[in-house]
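Structural overview
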Amino acid sequence: MSAKPWRTAWQAIWYWEGVVHLEFVGIDPETEDKGSPTVWVDRTSDEIVVQGWRADTALLDAIGGTEWVPGHETGIPDPENVVRIPARMIPILRKACDDAERR
């Protein structure tokens, strides 16, 4: 499948035929010219999609080994993952939340 970009001055929407409609929300403002934390809104599912840094083993163990909600199973289920993004991206995450709710 090939990605087809549509770009405006404010956003980029990527469409993978038959799979997802992603609306670019923002990228780590301190990024250089290589991969970096990025946020999109999936217009097909109204979900926020986040690209971040892989969590290290210590973080995965801490998250997976803690009962965060009483009675809720611990661990990180197979279809889920943990990523890190910098706090400076909070405004971008807020925008993604607002954009997802507006639909």
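Residues numbered from 1 in each chain as written. Predicted model: local features only at pLDDT ≥ 70, side-chain atom pairs only at ≥ 80, totals over all residues. Heavy atoms only, no water.

Bringing the overall build of the protein chain into the picture now. Regarding its fold elements, the protein chain presents 2 helices and 7 strands. Walking the protein chain from its N terminus toward its C terminus, one meets helices and strands in the order β-β-β-β-β-β-α-β-α. Within the protein chain, buried positions represent 21% of all 103 residues. Residue pairs at least 24 apart in sequence account for 40% of intrachain contacts in the protein chain once pairs closer than 6 positions are excluded. About 7,800 Å² of surface is accessible on the protein chain, with carbon and sulfur atoms providing 54% of the total. (Helix = DSSP H or I, 4+ residues; strand = E, 2+ residues; numbered from the N terminus. Buried < 20%, exposed > 50% of the residue type's maximum accessible area, 1.4 Å probe, protein only. Contact = heavy atoms within 4.5 Å. Areas by Shrake-Rupley, 256 points an atom, 1.4 Å probe, with all protein chains shown as cover.)

Attention shifts here to the confidence of the model for the protein chain. Residues of the protein chain with pLDDT of at least 70 account for 80%, and the chain-wide mean is 83. Element-level pLDDT for the protein chain is lowest in strand β1 (residues 3-7), with a mean of 46, against a maximum mean of 96 in helix α1 (residues 57-64). Throughout residues 1-12 the model reports pLDDT below 50, and contacts reaching past four residues in sequence, or to other chains, amount to 24 contacts. (pLDDT = per-residue confidence, 0-100.)

Once that is clear, we can look at the pairing of strand β4 (residues 38-42). With 5 of 5 residues buried, β4 is to be regarded as a mostly interior element. Here β4 shows two buried faces, one formed by Thr38, Trp40 and Asp42 and the other by Val39 and Val41. With 5 bridges connecting them, β4 and strand β5 (residues 47-51) associate as antiparallel partners. From the neighbouring strand, aspartate 42 faces β5, where its bridge partner is glutamate 47. As consecutive antiparallel partners, β4 and β5 are separated by 4 residues, and within that stretch aspartate 46 has a phi angle of approximately 55°, a positive value. (Pairing = 2+ DSSP bridges.)

By the secondary structure assignment, valine 50 is in strand β5. Residues valine 50 and leucine 93, 43 residues apart in the sequence, show an inter-C-alpha distance of 9.0 Å. Not counting residues within four places of it along the chain, the set of residues in contact with valine 50 comprises Thr38, Val83, Ile85 and Leu93.

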